[in-house]
Amino acid sequence: MVDFPLLTAILLTPIWGILVLSFMPREADKTIKMISAVTMAIALGLTLYAYWAYDVSLGGLQYIENVPWITELGVSYALGVDGISLPLLLLTMLVGFSTIFVSWNVEKRSKEFFIQLLLLVVGAIGTFVSQDLFIFLLFYELGIIPSYIMVVVWGSSERVSKEYAAMKLTIYLLLGSAFMLAGVIALYVNAFPAGMRTFSMQVLAQAHMIGNLSEDVQVFTFFLLLLGFGSTLSMWPFYSWAPDGYAAAPTGVSMLHAGVLKKIGGYGLIRIGLLILPLGAKFWAPFIAFFAVVNVLYAAFVTIAQKDLKYIVGYSSISHMGYILIGFAALNVISIDGAIANMFAHGIMSALFFAMIGLVYDKTNTRQVLSLGGLAHQMPRVATGFMLAGMSSLGLPGLAGFVPEFTSFVGAFKVYPLFTLLAISGIVFTALYILRVLANVLFGPRREEFDTCRDASGVELVSLVLLGTVLVVVGVFPQLLMGMVNSGMEPVMALLVKLHVTPTLLGGVFQ
Amino acid sequence: MNIALLTSEIAVVILALLIIVFDLLMPRQEARRSLGYFAVCGLLGILVYTFNQHGTSATVYHGFFVVDKFALFFKQLFIVATILTLLFSFDYIEGLTHNTGEFYALLLLSLVGMMVMASANDLLTVFVGLELMTIIFYILVGFDLRSIKSSEAGTKYLILGSAASAVLLYGMSWVYGFTGSIVLSQIAAHLTASPAMLLGLGLMLAGFCFKLSIVPFHMWAPDVYEGAPIPVTAMLAMASKAAGVAVLLRVFLVAFADLQAYWLTIVSLLAGLSMIVGIVVAIWQTNTKRMLAYSSIAQAGYILSGLLAADAAGVKGMLFYAVLYMVANVGAFAVTTAVNNQYGSDKIDDLSGLSQKSPFLAVVMTVSLLSMAGLPPMAGFVGKMYIFMAITDKGYFWIAMLGLVMSMVSVYYYMLVVRVMYSKEAKNEQEFTASVSLRIVALISLIATLFIGIYPGPLAELANAAARSLW
C-alpha cells in the first residue's frame, strides 16, 4: 500500500459524499443522513489507519503526494502529514463524524444541511493535509461560506440574531483571511526571485536559510499572518465573532468551528509562521504571550458572567486558546508540544461540550443555566458527557486536557515566568465557572418540569461515546498523542536551536 | 494589404445584415426567435473561424489595424460573451414585443465595434471602434419602450457618453498635435513629457475610465445598468468593459509606456478609489442590477490595478481577470434574468427563497457572486492572485492590501444576497420556470467559474501568450 494516495482518499471521501447527496431527492431524509454517516465513517476509518500506520520513529512528512498543478505560479497539489498535522486531522475526523449524528434530528432542508456540513469538513481536512500554501488558503476559505449559510438558515437567535452572528463570523474570518492572503503574497514574492517561486511550504521553509527573507520582511509578513490566524484562533482582540457565532450556529457547526476550524489558526502559526518565518515569530512572540494572557484571563472573567451555556463554552474556548498561544509564544519544543496536544484535547472537549448542550437544548428547550438544574436525575448519560468535558476543560489529570496544559506551562514558564503564572491562574477561574455550571445544570434538587425529558439514546449517544472515550483514552495514555506530536517537532527543534531561542535571548520588545 | 485579417469583423457585419433582412422577411413574431438561434449559430461559426488566425501577427492599412494574440484573445472573449448573453436573453427580448430582430442585429454591430477596438492600433481606429460600440449601446440601453427608466437611462448614457467621447477625442488631438502621429508605435517614438502632452494623456485616460466606469467617472453606471434591458446591462458590464480594457492596455502600454512615471500614480489612485467606492456604496443597494453595477465599478478597479505592473505579468492578470469576470457576470445576469422573467422586477428581494424554488440557480448565483468577491476555489481568487502578485512585485503592495481587504468587505453585500436566497421565504408558491437555454448558460458559467478556479493553468497560458504579444 505504499503508493496508495491515502490523504487524497481521505479528502475525496466526503467530496464523493457531497456529489452523491446532491443527486438525492430532497425527501429522502433518512437516506441522506445514512450516506453522510457512511462517508464520514469511511473517512474516519482511513484517518485512523493513517494514524496507526504513521511511522513515529521515522517522523517527518509521510503519505506525501506531490503533483504539479499550476506550474507557472509554482503551485502543486502537495499533501502530506507529520506529527503536527496528523493529530489535528484525526481531530477533524472524530469531530466531523460526531457532527453527523448530532445533526440527526435536522429535518428542515436536510439535504442542503448535510452537503454543507460535509463541505465544512472537507475544508478542514484540506487545510491540515496540504503542504502548499495556495491549497491551504483554498481549503481554508472553503469552510467560511457554508458556515454563513448554515448559521443563517439552521441557526437560532437568542441573544443576538442569527443573521448578525453569521455576518460577524463571516466578516471577521474573511478579513482575517485577507490579511493571511496578503501575508502569503508578500512571502511568495519575497522568498524567491521570479521564475523560482513556489507555494510549497517545504521549499519556502528553506527560504530563510539561504538568506532570502530578511528580518524586516519576516517581521512584517508574520504580522499579517498573525492578524489572519489570530482572528481564526479568536486571539484577543479579534475574538468577538466566536461566542456569538457559536451561540447562533446549529450544534454541528458549533462543534466543528470551536473544535476544529479554530485550530487552523494555531496550526498555521506553527506551520507557516514559525517554520517559514522564524525571525518573525521570534519578534512577535512576546506580543503573542501578552495576548495569550489577556485571552486567558479576560475571557475567563467574561465566562463567569455568562448565563447561556453556549456562551459559556464559547468564551471558555477563547480562554483556552490563550493556553495554546502562550505555548506557541514560548518558542521551545516542550511548550509547542503542549500547544499542539492542547489543540487536539480542546477540540475534542469543546465538541463534546457543544454536543451535550445541543442535547440539553433539544430536550429542555433552554440553554440558560439558571433555568436548568438537577438534570443528572433525568439524564445521567448526558450528565456523564458534561462531566467528562468539564473536567477535561479544567485540566483534571486522567483526561485529555491535563497533560497538554501541564506541558505547555512547563515549557512556557522558563521563558515567561510572570505571564505563565498569570495564565495558570486562569485555571482557577476555569474551575470556578465549570464547576458552577456543572453544579447548576446537572446537580441539585430534581426539577419536575424536566421529568418528561428522555436521556440520550440511539444515535445521540454516538458523539458522547466516541468523544468521551477519546478524552479518557488520551488522558490515560497521553503517549498516544504526545508521541505523535513530538515526532513532528524535529524541524521545529532544529530551527529553535539555530535561532538560539533561549529565555535570555528572546527577541522583540522585551529584549 | 491583407484584407483577410478583417474577415471575422466582416463576417459579423454580414451576419447582422442578414438578420435585419430575415427580420423583414419573416412575418410572424414567433418565427423571430429563430433569428436569435441564427445569430448564435453564426457567432459560433465565426468563433471557430477566429482560431484560424491564431499565431498570426500582422497589420493592415498602414498599421492602423493589427491582428495579434492580444487582439484575438479579446475578440474571442467578446464573441463568447455575446453568445452567452444572447442565449439567456431570448425570453426577455421576446418580452419586449417589438423590433426583436433589430435587437439581435444591433447587439452584433456593437460586437463589431468591440472587435475593432481590440485590433485598433492607432487613435482613430480606437475612436471609430469605440463610437461604433457606444452609439449602438445608446440605442440598446433605451430599447425598452415600455419602461420610462429605460428611456431615461438611454438619454443619460447618450449625454454623458458623448461628453466622455468628446473628452477622449480632445485628448487624442492634443497627443496628435504634439507627436504628429496617430499610430501608437509612432506616438511612442515622439513622446515628450511636456505639460501639453500630459494634458492630452490625462484627457484620454479620463475618456477610457468613463467607459470602464472607474471612479470618479462612474456616475452613469448604476442608473444606466438599472434602466437598460438586462441583456444590454450584461453586455455593458462584461463585453464593453473588456473592450475598454483592451484599448486602454494597448494605448497606454504601446504608446505611452515611456510616460509611466506620470500615469502610474494616477492609475493607482483611480484603481484604489474604484475599489473603495464601488464596494462601499454597493452595500446599500436594493436592486440587483444596481448592486451588480457598483460591484462592476469595484471590479473595474481591480482590473485597472493590474496596469500598475506595466509588464506582461500584470497584463496577463488583467486578461485573466477579464475572462473570469465575464464568466461570473454571465451567471449572475442569467439568474437575474430568470428572476425578472418570473416577477417582472429586479429587486434583490425578488431572489427570496430561490434556494427552495430553484436550488440550481441559487447555487449559480452564489458561486458567481463569491467568484467576484475573490473567494477560493472560485475563479476570482486566482484572478486576484495573479494581479496582486504582479503589482506586489513592482512595489504596489499597499494597493494589493487594499484590494484584498475591500474584497473581503464586498463579501458582506454578496452574502446579503446569498442570505436572501437561502433564508427568506419565497414570495409566492408559484412554480419557478427558466428556459433551457438560460439554464445552459447558468451551467456553463458555474462549471467555468469552478474550473478556472481549480485549474487555471490553460487559461493563464493563453492570457500570458496574449499579454506577451504586446511587447
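Please read these numbers as outputs of a predicted model, since none were measured by experiment.

Asker: Which parts of the structure should I look at to understand the overall build of chain B?
Answerer: Within chain B, the regular secondary structure consists of 19 helices and two strands. The C-alpha radius of gyration computed for chain B amounts to 21 Å, which stays within 12% of the reference 23 Å derived for 471 residues, consistent with globular compactness. Taken along its principal axes, the extent of the C-alpha atoms in chain B is 65 × 55 × 40 Å. Among the 471 residues that make up chain B, the fraction classed as buried is 66%. Counting only contacts in chain B whose residues sit at least 6 apart along the sequence, the fraction spanning at least 24 positions is 81%.

Asker: Which parts of the structure should I look at to understand the overall build of chain A?
Answerer: Within chain A, the regular secondary structure consists of 21 helices and two strands. The globule rule puts the C-alpha radius of gyration for 511 residues at 24 Å, and the 22 Å found for chain A is close to it. Dimensions along the principal axes, computed over C-alpha positions, put chain A at roughly 70 × 55 × 45 Å. The burial tally for chain A puts 68% of its 511 residues in the buried class. Intrachain contacts of chain A at a sequence separation of at least 6 include 81% that bridge at least 24 residues. Put simply, chain A shows about 16400 Å² of open surface, and 70% of that area lies on carbon and sulfur atoms. Once the 25 positive and 26 negative side-chain charges of chain A are each reduced to a mean point, those two points are 6 Å apart.

Asker: What exactly am I supposed to notice about helix 19 (residues 460–476) of chain A here?
Answerer: Owing to its 3.6 residues per turn, the α-helix aligns residues three or four sequence positions apart on the same side. The end-to-end C-alpha separation of helix 19 of chain A is 25 Å, in line with the 24 Å expected for 17 residues at 1.5 Å each. On its buried face, helix 19 of chain A is in contact with helix 3 (85–102), helix 11 (251–276), helix 14 (333–364), helix 16 (380–393) and helix 20 (479–487) of chain A.

Asker: Can you walk me through the interface of chain A and chain B in this structure?
Answerer: For an interface, size is often stated in terms of accessible area lost upon the parts coming together. Residue-level contacts link 36 residues of chain A with 34 residues of chain B. Buried surface at the junction of chain A and chain B, both sides included, amounts to about 3300 Å², of which 77% is carbon and sulfur. Summed over the three residues of chain A that lose the most area to chain B, namely Trp 69, Glu 72 and Ile 185 of chain A, the buried surface amounts to 16% of that side. Put simply, chain A and chain B have one salt bridge between them. A salt bridge links Arg 197 of chain A to Asp 393 of chain B; the nearest nitrogen and oxygen atoms lie 2.8 Å apart. If you list the elements that add at least two residues to the side of chain A that touches chain B, you get strand 1 (62–70), helix 5 (133–142), helix 6 (144–154), helix 7 (162–191) and helix 9 (215–232) of chain A. Of the residues forming the side of chain A that touches chain B, the biggest block, 15 residues, is contributed by helix 7 of chain A. Of the residues contributing to the side of chain A that touches chain B, the split by class is 27 nonpolar, two polar and seven charged.

Asker: What am I meant to see in the packing of aromatic side chains here?
Answerer: What describes a pair of aromatic rings is the distance from one ring centre to the other and the angle between the planes of the rings. Within this structure, the stated rule accounts for 51 aromatic pairs over all chains. On the numbers, 5.3 Å between centres and 80° between planes, the contact of Tyr 323 of chain A with Phe 409 of chain A is edge-to-face. Taken together, the residues Tyr 323 of chain A in helix 13 (residues 309–329) and Phe 409 of chain A in helix 17 (residues 402–413) connect sequence positions 86 residues apart. On the basis of relative accessible area, Tyr 323 of chain A is assigned to the buried category, the value being 0%. Look at Phe 103 of chain B and Phe 143 of chain B: their rings are 5.2 Å apart centre to centre, the planes differ by 70°, and that puts the pair in the edge-to-face class. With a gap of 40 residues between them, Phe 103 of chain B in helix 4 (residues 100–119) and Phe 143 of chain B in the loop between helix 5 (123–141) and helix 6 (148–179) connect regions that are remote in the sequence. Residue classification places Phe 103 of chain B among the buried residues on the basis of a relative accessible area of 0%. Owing to a relative accessible area of 6%, Phe 143 of chain B belongs among the buried residues under this scheme. Taken together through their ring pairs, the aromatic side chains of Trp 69, Phe 134, Tyr 188 and Phe 199 of chain A together with Phe 381 of chain B make up a single cluster. One cation-aromatic arrangement involves Arg 109 of chain A over Trp 154 of chain A; the distance from NZ or CZ to the ring centre is 6.0 Å. Between the NZ or CZ atom of Arg 367 of chain A and the centre of the ring of Tyr 361 of chain A, over which it lies, the distance is 5.3 Å.

Asker: How do you make sense of a nonpolar patch on the surface when you look at a structure like this?
Answerer: Residues and elements named next belong to chain A. Taken together, Val 472, Val 473, Val 476, Phe 477 and Leu 480 make up a surface patch of nonpolar side chains, about 410 Å² in accessible area. With three residues, the single largest contributor to the nonpolar patch is helix 19. Take Val 472: it is sitting in helix 19.

Asker: Which parts of the structure should I look at to understand the side chain of Ser 355 of chain B?
Answerer: Within the secondary structure, Ser 355 of chain B is located in helix 14 (residues 354–357). Accessibility expressed as a relative area gives 1% for Ser 355 of chain B, which makes it buried. A distance of 2.8 Å separates polar atoms of two side chains, one belonging to Ser 355 of chain B and the other to Arg 109 of chain A. Only 3.1 Å separates the side chain of Ser 355 of chain B from the backbone oxygen of Met 421 of chain B, close enough to count as a polar contact. Those residues in contact with Ser 355 of chain B that sit more than four places away from it in its chain are Arg 109 and Glu 112 of chain A together with Ala 362, Met 421 and Tyr 422 of chain B.

Asker: What am I meant to see in the packing of helix 12 (residues 288–305) of chain B against helix 15 (residues 359–373) of chain B here?
Answerer: For any two helices packed against each other, one specifies the crossing angle of their axes together with the interaxial distance. Residue and element names in this part refer to chain B. Between helix 12 and helix 15, the shortest axis-to-axis distance is 11 Å and the interhelical angle comes to 30°. Taken together, helix 12 and helix 15 sit at an angle that is classed as roughly parallel. Contacts from Thr 288, Met 291, Leu 292, Ser 295 and Gln 299 of helix 12 reach helix 15 at Met 365, Leu 369 and Met 372. Taken together, the residues that form the contact of helix 12 with helix 15 break down as five nonpolar, three polar and no charged.

Asker: Quick question: what am I supposed to make of the packing of helix 13 (residues 312–343) of chain B against helix 15 of chain B here?
Answerer: All names here are of chain B. At a minimum axis distance of 9 Å, the contact between helix 13 and helix 15 shows a crossing angle of 145°. In this structure, helix 13 crosses over helix 15, and the sense of that crossing is left-handed. Here Tyr 321, Leu 324, Ala 328, Asn 329, Gly 331, Ala 332, Val 335, Thr 336 and Ala 338 of helix 13 lie close against helix 15, whose contacting residues are Leu 361, Val 364, Met 365, Ser 368, Ser 371 and Met 372. When its residues are assigned to classes, the contact of helix 13 with helix 15 shows 10 nonpolar, five polar and no charged.

Asker: What is the right way to look at the pattern of salt bridges in this model?
Answerer: Side chains that differ in charge, positive against negative, can pair when their charged atoms come close. All names here are of chain B. Applying the stated criterion to the full structure yields 19 salt bridges over all chains. With its nearest N and O atoms 2.5 Å apart, the salt bridge here joins Lys 156 to Asp 223. Here Lys 156 is found in helix 6, whereas its partner Asp 223 is found in helix 9 (residues 220–227), with 67 residues between them in sequence. Overall, Lys 156 belongs to the partly exposed group, its relative accessible area being 28%. Each of Lys 149, Lys 156, Asp 223, Glu 226 and Arg 290 takes part in one network of salt bridges that share partners.

Asker: What should I look at first to understand the side chain of Lys 211 of chain B in this one?
Answerer: Residue and element names in this part refer to chain B. Within the secondary structure, Lys 211 is located in helix 8 (residues 195–211). Lacking a salt bridge, the buried Lys 211 has Glu 131 as its closest oppositely charged neighbour, with an N-O distance of 5.0 Å. What Lys 211 contacts, discounting residues up to four positions off in sequence, is Leu 130, Thr 134, Gly 161, Ser 165 and Trp 220.

Asker: I tried to follow the environment of Thr 7 of chain B on my own but got confused; where do I start?
Answerer: All names here are of chain B. Positionally, Thr 7 belongs in helix 1 (residues 7–25). Placed 39 residues apart in sequence, Thr 7 and Ile 46 show a C-alpha to C-alpha distance of 9.1 Å. The residues touching Thr 7, leaving out its near neighbours within four places in the chain, are Tyr 49 and Gln 53.

About the cut-offs
Residues numbered from 1 in each chain as written. Chains lettered and ligands numbered in written order. Predicted model: local features only at pLDDT ≥ 70, side-chain atom pairs only at ≥ 80, totals over all residues. Heavy atoms only, no water. Helix = DSSP H or I, 4+ residues; strand = E, 2+ residues; numbered from the N terminus. Rg over C-alpha atoms; globule rule 2.2 N^0.38 Å. Buried < 20%, exposed > 50% of the residue type's maximum accessible area, 1.4 Å probe, protein only. Contact = heavy atoms within 4.5 Å. Areas by Shrake-Rupley, 256 points an atom, 1.4 Å probe, with all protein chains shown as cover. Lys, Arg positive; Asp, Glu negative; His and termini not counted. Charge placed at Lys NZ, Arg CZ, Asp CG, Glu CD. Expected span 1.5 Å × (residues − 1). Buried area = accessible area lost by both parts, 1.4 Å probe. Salt bridge = Lys/Arg side-chain N within 4 Å of Asp/Glu carboxyl O. Nonpolar A, V, L, I, M, F, W, Y, C, P; charged D, E, K, R; others polar. Phe/Tyr/Trp six-rings, centres within 6.5 Å; stacked < 30°, edge-to-face > 60°. Lys NZ or Arg CZ within 6 Å of the ring centre and 35° of its normal. Patch = residues over 30% accessible without salt bridge, like charges linked within 9 Å, V, L, I, M, F, W, Y side chains within 5 Å. Polar contact = N/O pair within 3.5 Å; in protein donor to acceptor, adjacent residues only side chain to side chain. Axes fitted to C-alpha atoms, helices over the stretch in contact; angles between N-to-C directions. Parallel < 35°, antiparallel > 145°, perpendicular 65-115°, else oblique. Left-handed = near helix turned anticlockwise from the far one by under 90°.

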